Amino acid sequence: MRFGVILAFPRSGGTLLRRILDQHPDVSCPAEPWLTTACARFLDEVATDTVPVGVRAGLGFAGIEEAEIYDALRNLIFGFHSRMAKGKPVWVEKSGFDLFHLAELADLLRGHAKFVALVRHPPDVITSNLDLAQKMGRFLPEMQPWLSRYPAPVEALAAAWADRTTALLDFADANPDASHLLRYEDMVAGPEAALGGVCDLLGVARMDGAQLAQAVAAPARIGLGDWKTLVESGISAGSVGRWQKAMSRRVAGPLMAHLRAPMERLGYAPLPVPRTLTRAEAVKQFGAAARLAVAQAAAASAVKPSE
């Protein structure tokens with residue numbers, strides 16, 4: 001048995017990667033079972049001035065060592081994956097919020113797992129998360145620390161992506177033999193080469209173009225995750241750069257204060273930052289836009305339908 005974890009910010013293409021890997025003859029990657037996220041939350045503690053409050057401290061007073069807790073949780077994770085794998089020797093988990101519990105997962109699985117660090121161009125991630133929040137009627141719960149800190153949701157998402165991606169890159173740098181960095185854009189542009197590194201990390205044969213095409217065309221295991229990938233029949237780069245239609249550059253540019261450093265580390269080009277208007281320019285621009293809207297409305301009302 002070999003175990004892997006996909007670490008990705010929500011809406012970064014993790015479900016597509018999971019679906020592809022699950023079709024590998026030696027890899028089981030089921031629809032999000034939330035085992036790793038649940039175990040990480042179980043290990044989470046509340047910091048206090050005296051003693052941390054959580055299961056590790058609580059069980060410690062009962063004479064149960066941390067090593068025993070970690071062993072029990074790993075056995076829980078591996079036991080369920082053994083049942084889901086149906087004989088496949090390599091098991092991979094993709095659960096939506098693992099990246100928000102990276103420290104706990106590192107303590108739990110370091111030396112027992114390989115980690116695929118999947119990243120995507122941040123404005124596309126932000127746009128997709130805004131779409132998801134609109135459909136759900138709420139933001140994902142793990143976003144709340146940033147949403148409470150920043151008044152604008154778009155800035156909160158940018159800050160969350162930057163914080164979590166920086167932590168992910170630091171983790172990958174500190175664990176080079178157990179991790180592999182994969183950019184979503186590379187995966188959809190050249191899947192055979194990009195996914196080869198993932199297969200090497202997991203210790204399985206690389207998938208060729210025909211296998212990859214068949215993997216996406218094959219029926220996927222139904223479960224939690226992005227259901228849109230279930231109806232896709234190929235690997236497409238169609239969603240790359242979609243932020244440019246959904247988000248104005250005047251909104252995207254100021255986000256660079258949060259995004260610049262991790263984007264540079266990932267080789268993404270910086271977003272264009274528009275010049276900040278002076279107060280007088282802003283007032284003048286607003287007035288011109290208002291007058292144009294009034295003129296357009298008047299012209300529309302003057303047009304009589306032909307009888």
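Scroll up to find the structure.
Draft legend 1. Up close: the overall build of the protein. Scanning the protein from terminus to terminus reveals 15 helices and five strands. By its C-alpha atoms, the protein is 80 × 60 × 40 Å across when sized along the principal axes. In the protein, which comprises 307 residues, the share counted as buried stands at 46%. A fraction of 75% describes how many contacts in the protein between residues 6 or more apart in sequence connect residues 24 or more apart.

Draft legend 2. Quick peek at helix α1 (residues 14–22). Of all nine residues in α1, nine are buried, a share of seventy percent or more. The set of residues buried in α1 consists of Gly14, Thr15, Leu16, Leu17, Arg18, Arg19, Ile20, Leu21 and Asp22.

Draft legend 3. Geometry of a negative patch on the surface. Among the surface-exposed residues, Glu65, Glu66, Glu68 and Asp107 lie close enough to one another that they form a single negatively charged patch. Relative to the assigned elements, glutamate 65 resides in the loop between α3 (55–61) and α4 (66–85). In this structure glutamate 65 comes out as exposed when scored by relative accessible area, which is 52%.

Draft legend 4. Just the nonpolar core, in detail. Core analysis: the biggest nonpolar cluster contains 56 residues, and Phe3, Leu7, Phe9, Leu108, Leu109, Trp161 and Leu259 have the highest contact counts within it. Elements represented by at least two residues in this core include exactly β1 (2–8), α2 (35–43), α4, α5 (102–109), β4 (114–119), α6 (122–136), α8 (153–174) and α14 (256–266). Considering each element in turn, this core owes the most residues, 12 residues, to α8. Leave out the neighbours within four places in its chain, and phenylalanine 3 touches Thr36, Ile77, Phe78, His81, Trp91, Glu93, Leu109, His112, Ala113 and Lys114. Core analysis: the next-biggest nonpolar cluster, separate from the first, contains 27 residues, Leu21, Cys29, Val92 and Val216 among them.

Draft legend 5. Main features of the packing of aromatic side chains. Following the criterion strictly, the structure yields six aromatic pairs and no others. Taken together, a centroid distance of 5.1 Å and an interplanar angle of 65° make the contact between phenylalanine 3 and phenylalanine 78 edge-to-face. Remark: phenylalanine 78 occurs in helix α4 and phenylalanine 3 occurs in strand β1; sequence separation between them is 75 residues. Residue phenylalanine 3 shares its accessibility class with phenylalanine 78, and that shared class is buried. Centre to centre, the rings of tryptophan 34 and phenylalanine 97 are 5.0 Å apart; their planes meet at 80°, and the pair counts as edge-to-face.

Draft legend 6. Here's a closer look at the sheet that holds β4. Pairing within the open sheet is parallel, and its five strands lie in the order β2-β3-β1-β4-β5. With partners counted over all chains shown, the strands left at the sheet margins are β2 (27–28) and β5 (179–183), one partner each. Examined bridge by bridge, β1 and β4 share five bridges and lie parallel to one another. Bridge pairing links glycine 4 to lysine 114 in β4.

Draft legend 7. Main features of the environment of tryptophan 34. Along the polypeptide, tryptophan 34 turns up in the loop between β2 and α2. Note: C-alpha distance between tryptophan 34 and arginine 110 (76 residues apart in sequence) is 18 Å. Separated by 3.3 Å, the side chains of tryptophan 34 and glutamate 32 make a polar contact.

Draft legend 8. Geometry of the side chain of histidine 81. Within the element layout of this structure, histidine 81 appears in helix α4. Overall, histidine 81 belongs to the buried group, its relative accessible area being 0%. Leaving out residues up to four positions away in the same chain, histidine 81 has contacts with Phe3, Pro30, Pro33, Leu35, Trp91, Val92 and Glu93.

Draft legend 9. Representation of the pairing of β4 within the structure. The element β4 is largely enclosed, with a buried count of five among its six residues. Both β4 and β5 contribute to a ladder of five bridges, which runs parallel. By the bridge assignment, alanine 117 is partnered in β5 with leucine 181.

Draft legend 10. Focus on the pattern of salt bridges. Counting across every chain of the model gives nine salt bridges. One salt bridge in this structure joins arginine 265 and aspartate 170, with 3.0 Å as the shortest N-O distance. Highlighted residues: arginine 265 in helix α14 and aspartate 170 in helix α8, separated in sequence by 95 residues. For arginine 265, a relative accessible area of 41% gives the class partly exposed. Bridged by salt links that share partners, the residues Asp170, Asp173 and Arg265 form one connected network.

Rules used throughout
- Residues numbered from 1 in each chain as written.
- Predicted model: local features only at pLDDT ≥ 70, side-chain atom pairs only at ≥ 80, totals over all residues.
- Heavy atoms only, no water.
- Helix = DSSP H or I, 4+ residues; strand = E, 2+ residues; numbered from the N terminus.
- Buried < 20%, exposed > 50% of the residue type's maximum accessible area, 1.4 Å probe, protein only.
- Contact = heavy atoms within 4.5 Å.
- Patch = residues over 30% accessible without salt bridge, like charges linked within 9 Å, V, L, I, M, F, W, Y side chains within 5 Å.
- Areas by Shrake-Rupley, 256 points an atom, 1.4 Å probe, with all protein chains shown as cover.
- Salt bridge = Lys/Arg side-chain N within 4 Å of Asp/Glu carboxyl O.
- Lys, Arg positive; Asp, Glu negative; His and termini not counted.
- Charge placed at Lys NZ, Arg CZ, Asp CG, Glu CD.
- Core = buried A, V, L, I, M, F, W, Y, C linked by side-chain atoms within 4.5 Å.
- Phe/Tyr/Trp six-rings, centres within 6.5 Å; stacked < 30°, edge-to-face > 60°.
- Pairing = 2+ DSSP bridges.
- Polar contact = N/O pair within 3.5 Å; in protein donor to acceptor, adjacent residues only side chain to side chain.

Read these as layout, nothing more, since geometry by itself doesn't imply function.
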